[in-house]
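What the coordinates show
So the chains spell out like this:
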Number of protein chains: 2
Amino acid sequence: MPSSDTAPKIVTACVLIIGNEILSGRTQDANLAFLAQGLNEAGIRLREARVIPDDHDVIVSTVNEVRHGFDYVFTTGGIGPTHDDITAQCMADAFGVALIVHPEARRLLESHYPPGHLNEARLRMAMVPEGAALLPNPISRAPGFQIGNVYVLPGVPSIMQGIFEQLKYRLIGGDKVLSRSVSCQLAEGTLAEDLGELQERYPDVEIGSYPYFRRGDFGVTLVLRGTDRERLAAATDELKELVRNLGGDPQEGLSEG
Amino acid sequence: MPSSDTAPKIVTACVLIIGNEILSGRTQDANLAFLAQGLNEAGIRLREARVIPDDHDVIVSTVNEVRHGFDYVFTTGGIGPTHDDITAQCMADAFGVALIVHPEARRLLESHYPPGHLNEARLRMAMVPEGAALLPNPISRAPGFQIGNVYVLPGVPSIMQGIFEQLKYRLIGGDKVLSRSVSCQLAEGTLAEDLGELQERYPDVEIGSYPYFRRGDFGVTLVLRGTDRERLAAATDELKELVRNLGGDPQEGLSEG
């Protein structure tokens with residue numbers, strides 16, 4: 001079923017990682033690669049990611065910029081009970097609505113804590129912008145929420161992942177990007193000219209070249225990505241032939257999709 | 001030497017991670033945390049990071065936005081010999097100058113390759129925007145470069161780190177952010193009210209609260225950051241007392257600066 005002459009349906013996303021701890025280098029982000037892969041499985045292309053500080057004005061202006069520029073926005077971080085958890089308030093301000101206690105989120109928290117333990121700080125975790133829908137949290141008691149095309153998730157990776165795995169099936173994606181990869185021990189500079197020529201003949205297949213250096217071993221992994229399985233296969237076959245013609249031994253990686 | 005009444009000198013940076021492989025989830029970024037820590041050591045605050053695709057127009061417009069909004073910009077990725085290495089051309093276009101072969105970069109490449117091996121693709125690694133200064137590369141032969149306040153580095157972590165370690169000493173920073181951290185096994189919701197009150201009394205010390213969950217163990221790490229060592233020490237002492245008063249056992253982390 002050749003479809004290379006029909007434009008693929010492209011659905012885009014931007015991820016906002018909210019947190020001073022990532023920008024200070026104290027914490028290595030563990031959410032971006034997970035979201036990138038999960039979105040790809042849902043047929044959504046992650047086109048940009050930003051790491052921004054716990055700063056009200058920066059969060060509000062960034063959200064208002066990217067929610068108009070991408071089909072979906074996913075944020076991580078800043079929805080706990082402490083003073084530095086300001087994401088919900090920022091989302092309310094970005095959308096120009098009030099911050100309210102969501103009745104269902106309140107019930108979830110009430111059922112979780114012993115009587116008397118649902119203090120004002122913990123109740124902050126039930127506060128969402130007016131009109132937001134809760135995102136079920138299978139791991140802990142504090143839900144994420146969705147407002148417009150923005151999905152607000154916690155920063156703790158295990159909890160973020162639990163919420164995302166449940167909401168993923170509700171996302172409406174476009175044509176899924178398929179990928180193949182071929183590695184060889186040729187130098188990039190040896191491959192570059194023929195590779196550029198191959199890329200020109202396959203404008204619908206994105207070819208990336210990634211050199212690697214590990215344990216005295218070096219080489220390059222070439223990644224081909226596109227929405228049309230047949231075109232992708234044809235480009236991959238030509239690439240392998242190209243590598244062989246240059247004296248290399250093309251090794252195809254595990255199928256990635 | 002109390003200096004809490006004088007405004008700290010703040011120098012800011014933005015990091016641009018250029019690469020489809022990060023946005024596809026194929027590669028986990030390994031450069032951001034390194035740069036964040038290195039910049040902090042140089043007295044420079046990383047205020048934002050963006051991951052953007054290998055897309056000419058996106059790179060040009062993003063560079064032109066952030067180079068005016070931050071004191072320093074550091075980019076990683078896209079300066080190799082293959083067709084998808086478009087960062088140098090994008091920087092030339094962002095600054096409105098020509099892309100030229102830098103004579104010194106050419107000499108470096110000529111001395112590295114056997115006669116006849118410096119082909120057109122490899123010569124791409126000697127191309128920089130007119131007016132750019134080379135950044136010495138102690139690991140491989142392709143230099144990074146600096147144009148205006150933008151420092152262009154490769155994406156391969158070991159090479160990026162080698163170049164950054166050399167240029168770090170030439171960066172002009174401001175007051176360095178010092179940090180202390182205190183962990184305890186109290187729940188965030190138990191701490192939140194007192195913590196917020198402490199933050200209000202120390203507006204010059206940024207207090208972040210990071211819950212952790214590992215091997216059945218849970219608790220929270222509280223990170224205090226500021227430029228005045230005495231104020232930081234006073235806030236840390238008060239924080240430990242606060243934790244003790246709530247029945248917790250405050251454990252101070254290793255000094256981070």
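Once a new chain begins, its residue numbering starts again from 1 and follows that chain's sequence as written. Here chains are named by letter from A upward and ligands by number from 1 upward, in the order in which they appear as written. Residues qualify for local features only when their pLDDT is at least 70, as the model is predicted, and side-chain atom pairs are given and counted only at 80 or more; totals for whole chains, interfaces and linings, by contrast, use all residues.

Where each domain begins and ends follows an automated or database-derived domain assignment. Taken domain by domain, chain A consists of domain 1 (12-170) and domain 2 (178-252). Here domain 1 of chain A and domain 2 of chain A have C-alpha centroids that lie 38 Å from each other.

Let's shift gears to the sheet that holds strand E8 (residues 150-153) of chain B. Strand order in this open sheet of 12 strands is E6(A)-E7(A)-E8(A)-E3(A)-E1(A)-E2(A)-E2(B)-E1(B)-E3(B)-E8(B)-E7(B)-E6(B), and the pairing throughout is mixed. Each having just a single partner strand, strand E6 (133-135) of chain A together with strand E6 (133-135) of chain B make up the two edges of the open sheet. Across the sheet, the mean angle from the axis of one strand to that of its neighbour is 20°, orientation sign disregarded. Sheet analysis places strand E3 (residues 72-76) of chain B next to E8 of chain B, joined by 4 bridges and oriented parallel. Residue pairing across strands places Val 73 of chain B opposite Val 150 of chain B, the latter belonging to E8 of chain B. Most of the contacts of helix H3 (residues 56-69) of chain B go to strand E1 (residues 12-18) of chain B, to which it runs at about 170°, and overall it touches E1, strand E2 (45-52), E3 and E8 of chain B. By the convention used here, strands pair only if DSSP detects at least 2 bridges between them. Strands here are runs of E lasting at least two residues and helices are runs of H or I lasting at least four, both read from the DSSP assignment and numbered beginning at the N terminus. To obtain each axis, a line is fitted to C-alpha atoms, and for helices this fit is confined to the stretch in contact; angles are then taken between N-to-C directions over 0 to 180 degrees. Placing C-beta atoms from the backbone, we regard two residues as in contact once those atoms come within 7 Å.

Turning next to the sheet that holds strand E12 (residues 251-252) of chain B. All names here are of chain B. Judged by pairing direction, the sheet is antiparallel, and its 4 strands sit side by side in the order E10-E11-E9-E12 without closing on themselves. Of all strands in the sheet, those bounded by a partner on one side alone are strand E10 (206-214) and E12. Across 2 bridges, strand E9 (residues 178-184) lies against E12 in antiparallel orientation. Across the sheet, residue Val 182 finds its bridge partner in E12, namely Glu 252. On the sheet, helix H8 (residues 188-201) packs against E10 and strand E11 (217-226) and is oriented at approximately 165° with respect to E10.

Caution is warranted with low-pLDDT regions, since their predicted coordinates should not be read in detail. Residues at a pLDDT of 70 or more form 96% of chain A, whose mean pLDDT is 93. Interface confidence in the predicted complex, given as ipTM, is 0.93; pTM for the same model is 0.94. As a per-residue measure, pLDDT tells how confident the predictor is, with possible values from 0 to 100.

Right, let's get into the interface of chain A and chain B. With 48 residues of chain A at the interface, the matching set in chain B holds 48 residues. Contributions of two or more residues to the side of chain A that touches chain B are made by helix H1 (20-23), helix H2 (32-41), strand E2 (45-52), helix H6 (120-123), helix H8 (188-201), strand E10 (206-214) and strand E11 (217-226) of chain A. Side-chain classes are defined by residue name, with Ala, Val, Leu, Ile, Met, Phe, Trp, Tyr, Cys and Pro counting as nonpolar, Asp, Glu, Lys and Arg as charged, and the others, Gly among them, as polar. Among the residues making up the side of chain A that touches chain B, the classes are represented as 19 nonpolar, 16 polar and 13 charged. Two elements, E2 of chain A and E2 of chain B, share 3 bridges in a ladder whose sense is antiparallel. Following the sheet pairing, Ala 49 of chain A is matched in E2 of chain B by Val 51 of chain B.

Let us look at the environment of Gly 116 of chain A. Within the element layout of this structure, Gly 116 of chain A appears in the loop between helix H5 (103-112) and H6. Separated by 125 residues in sequence, Gly 116 of chain A and Glu 241 of chain A place their C-alpha atoms 70 Å apart.

A few words on the pairing of strand E9 (residues 178-184) of chain A. All names here are of chain A. Think of it as a crowd count around each C-beta: if 20 or more other C-beta atoms lie within 10 Å the residue is buried, if 12 or fewer it is exposed, and in between it is partly exposed, with C-beta placed from the backbone throughout. Taking burial as the measure, the 7 residues of E9 include 5 buried ones, the bulk of the element. Two strands pair when backbone bridges link them, and E9 and E11 are joined in this way by 7 bridges, in the antiparallel orientation. Its bridge partner lying in E11, Leu 178 is registered against Gly 226.

The tendency in soluble globular proteins is for nonpolar side chains to be buried as a group. Residues enter a nonpolar core if they are buried, belong to Ala, Val, Leu, Ile, Met, Phe, Trp, Tyr or Cys, and are joined to the set through C-beta atoms within 7 Å. Among the nonpolar cores identified, the biggest contains 100 residues, and Ala 13, Val 15 and Val 73 of chain A together with Ala 13, Val 15 and Val 73 of chain B are the most heavily contacted of them. Leave out the neighbours within four places in its chain, and Val 73 of chain B touches Ala 13, Cys 14, Leu 16, Val 63, Val 66, Arg 67, Asn 149, Val 150 and Tyr 151 of chain B.

Turning our eyes to something else, we now look at the relation of the copies chain A and chain B. A least-squares fit on C-alpha atoms brings the copies together, and the residues used are those whose pLDDT is at least 70 in both copies. Rotating chain A by 180° and moving it 0.0 Å along the rotation axis overlays it on chain B with an RMSD of 0.0 Å. What the superposition gives is, in effect, a two-fold axis relating one chain to the other. Minimal C-alpha separation from the rotation axis in chain A is found for Arg 50 of chain A, amounting to 2.1 Å.

With that out of the way, let us pick up the environment of Val 220 of chain A. Residue and element names in this part refer to chain A. Looking at the element boundaries, Val 220 is found in strand E11. Classification of Val 220 by C-beta neighbours within 10 Å gives buried; the count is 24. In the structure, Val 220 is positioned 11 residues away from Ser 209 in sequence and 6.7 Å away in space, judged by C-alpha atoms. Among residues more than four places away in sequence, those in contact with Val 220 are Ser 183, Cys 184, Leu 186, Glu 188, Leu 191, Ser 209, Tyr 210, Pro 211 and Tyr 212.

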